[in-house]
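Listed below, chain by chain, are the residues.
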Amino acid sequence: MSEALDDLLDLLDLERIEQDIFRGHSRPTIVPRVFGGQVAAQALVAAGRTAPEDRTAHSLHAYFLRMGDPGAPIVYTVDRIRDGRSFTTRRVVAVQHGQPIFHLSASFQIHEEGLDHQAAMPEAPDPETLPTAAERLPRYAGDPIHPEIVRRMLEARAAVDIRYVGKPPYATIGERREPHSQVWFRTNGKLADDPLLHVCLATYVSDMTLLDSVLLAHGRGGWAVGDVVGASLDHAMWFHRPFRADEWLLYDQESPSAHGGRGLGQARIYTQDGRLAISVIQEGVVRVPHG
């Protein structure tokens, strides 16, 4: 296991300070606020630790309310909404400096047999044939990305191997493209078999690239490059089938709409053998300067 992955797992190992109250900390990010995927993953950890052991997460719905302060701890309070015969529902509020910064509702289900069909996996190259971030990002240092931003991007993604299929947004500034992108990802090291851990790590990664496709349609580059101001507003995920976050997952993403200072991203995540594991939808603030 890489040191960066070990640090990320430590970040997700929340401190329990009361029966349904947990405390988490943050790690440095590219921008001076708490990374949204981190808050979502930590909130799901808190919810999962209060759910019965025989139930796995099948969905989450979340709102980002305020920017998080990376220098302060985050307190997660869990409300045990319902424990039914098949489903468990939890609500989590993340608080900093006395104010809620994030709200999550999560549902857990016992294993059941039932009808089974799925959308087919789209075509994508073998992830092992694609360049890693460490191989690709330094090529753009200074043009168009400041070398310090490159360093921070590599540091922020050191725990997860993320490989773009095609050019990433920061490599296509001024070039309008179809609002669609693909990345392969997996953790940089093996994980324990705990299903909650794999779901939480996929939640963490899901916030890294989902709104890239919004930028591709307008040739605006990446979130850390150029003049675009962006932030996640809400986030929803449905976990359809078992998967491992330490094995390759294809994140197939698109943006059906951008309007009114907001952009929508939707995606499907597939295992390498073609099983549809997760569906994701997110809307975010996407602002560009006027004048």
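Everything quoted here is computed from the prediction, not taken from an experiment.

Analysis parameters
Residues numbered from 1 in each chain as written. Predicted model: local features only at pLDDT ≥ 70, side-chain atom pairs only at ≥ 80, totals over all residues. Heavy atoms only, no water. Helix = DSSP H or I, 4+ residues; strand = E, 2+ residues; numbered from the N terminus. Contact = heavy atoms within 4.5 Å. Buried < 20%, exposed > 50% of the residue type's maximum accessible area, 1.4 Å probe, protein only. Arc of directions from axis to C-beta. Salt bridge = Lys/Arg side-chain N within 4 Å of Asp/Glu carboxyl O.

Caption draft 1: The arrangement of the side chain of Q96 in detail. For Q96, the position within the fold is in strand β5 (residues 87-96). Once you skip the residues sitting within four places of it in the chain, Q96 turns out to touch G68, D69, A72, P73, I74 and I101.

Caption draft 2: Quick peek at helix α1 (residues 3-12). Within α1 the residues assigned to the buried category are A4, L5, L8, L9, L11 and L12. In a view along the axis of α1, the buried residues occupy a sector of 155 degrees, so they form one face of it. Away from its buried face by more than 90 degrees, α1 exposes E3 and D10. Looking at the buried residues of α1, the elements they touch are α2 (36-48), β8 (180-187) and α5 (195-209).

Caption draft 3: Spotlight on the pattern of salt bridges. Applying the stated criterion to the full structure yields 14 salt bridges. Salt-bridge contacts for D54 lead to R55; the nearest nitrogen and oxygen are separated by 3.6 Å. Several salt bridges share partner residues, and in doing so they unite D193, R244 and D246 into one network.

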